[in-house]
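# Structural features, examined
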Amino acid sequence: MIVVEGLHKHFGGFRAVDGASIEIATGSITGLIGPNGAGKSTLFNVIAGVYQPTAGRVIMDGEDITGLPPHDLFHKGLLRTFQIAHEFSSMTVRENLMMVPAGQLGETLWNTWFHRGRIAREEAELAKKADDVLDFLTISHLADERAGNLSGGQKKLLELGRTMMVDAKIVFLDEVGAGVNRTLLNTIGDAIVRLNKERGYTFCVIEHDMDFIGRLCDPVIVMAEGKVLAKGSADSIMQNEAVIEAYLGR
Ligand code: ADP
Ligand code: MG
């Protein structure tokens, strides 16, 4: 689905991503691991259109999408979540989900004035969809909670829920498990597997928890110092000399 070719992202003279090439197969849950500062989040940011690459290309389903802005990628079904959740804290969980679909009828004054009936129907549909998403994620009881009151893990689930409000094809998850307790991490893991199996989502997942990676991801790509160091099954990666050395530090 995604082919990244010879990608570079330099900040001044510093090579955060230094010639990385990766492929993400349709239907896979691909893991992306590596020591802190390896360039994982920067790679995500370039793929997701947050940064322009210094060099290299990103291809999605055969189409060159290099440097397209995030909203164009969103319409192509390419979504990312952030390492730090960015919910609207004073809105409820349901309202946060209802905000997601782009081009809502209620957005323009014109539509508000001329299509009141349609907007009401649209909102009811969105609310229904949001409730289905919350049900899928097993957090229906949080629908009317202010998002700012959620725990870190619940916010991560909400992030995942946002991707379900639109027709995502591929979702990039940046440390979705960071600071999340084991029970909630399992819930997040289960939701990812179900979205993959039941809805055909492709995932690329940055995560430090190797149990989580081992349970979910195949293949696993390892980055270090802006480059791809290895790719393979979680088991083979953990026995790879270069990978072990990168984690222990040279
Ligand atoms: P990872 O997600 O693998 O921990 P990052 O992609 O966040 O790594 O960062 C890779 C390197 O690039 C780090 O050394 C970081 O300090 C640097 N870096 C990331 N973003 C910027 C930026 N906007 N400006 C300068 N340096 C950056
Ligand atoms: Mg990171």
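What counts and how
Residues numbered from 1 in each chain as written. Chains lettered and ligands numbered in written order. Predicted model: local features only at pLDDT ≥ 70, side-chain atom pairs only at ≥ 80, totals over all residues. Helix = DSSP H or I, 4+ residues; strand = E, 2+ residues; numbered from the N terminus. Rg over C-alpha atoms; globule rule 2.2 N^0.38 Å. Buried ≥ 20, exposed ≤ 12 C-beta atoms within 10 Å, placed from the backbone. Pairing = 2+ DSSP bridges. Right-handed = clockwise from strand over helix to strand, strands pointing away. Near = placed C-beta within 6 Å. Nonpolar A, V, L, I, M, F, W, Y, C, P; charged D, E, K, R; others polar.

The next thing to look at is the overall build of the chain. A count of helical and extended segments in the chain gives 10 helices and 10 strands. Taken against the 2.2 N^0.38 rule, which gives 18 Å for 250 residues, the C-alpha radius of gyration of the chain at 19 Å falls within 12% of a compact globule. With respect to the principal axes defined by its C-alpha atoms, the chain has extents near 60 × 40 × 30 Å. Evaluated residue by residue, the chain yields a buried proportion of 40% over its 250 residues.

Before going further, it helps to examine the pairing of strand S7 (residues 170-174). Counting buried positions over the 5 residues of S7 gives 5, a clear majority of the element. Relative to S7, strand S6 (residues 78-80) is paired through 3 bridges, and the arrangement is parallel. Counterpart to leucine 78 in the pairing with S7 is isoleucine 170. Where S7 and strand S8 (residues 202-206) come together, 5 bridges link them in parallel fashion. Directly across from leucine 173, in S8, lies its bridge partner valine 205. Following the backbone out of S7, through helix H7 (residues 182-199) and into the adjacent parallel S8, one traces a crossover that is right-handed.

The next subject is the site of ligand 1. The immediate surroundings of ligand 1 are formed by Phe11, Phe14, Ala16, Gly34, Asn36, Gly37, Ala38, Gly39, Lys40, Ser41 and Thr42. Breaking the shell around ligand 1 down by element, the ones donating at least two residues are strand S2 (14-24) and helix H1 (40-47). It is H1 that contributes the most residues to the shell around ligand 1, 3 residues altogether. Here the shell around ligand 1 is built from residues that sort into 4 nonpolar, 6 polar and 1 charged.

By themselves these figures say nothing about function.
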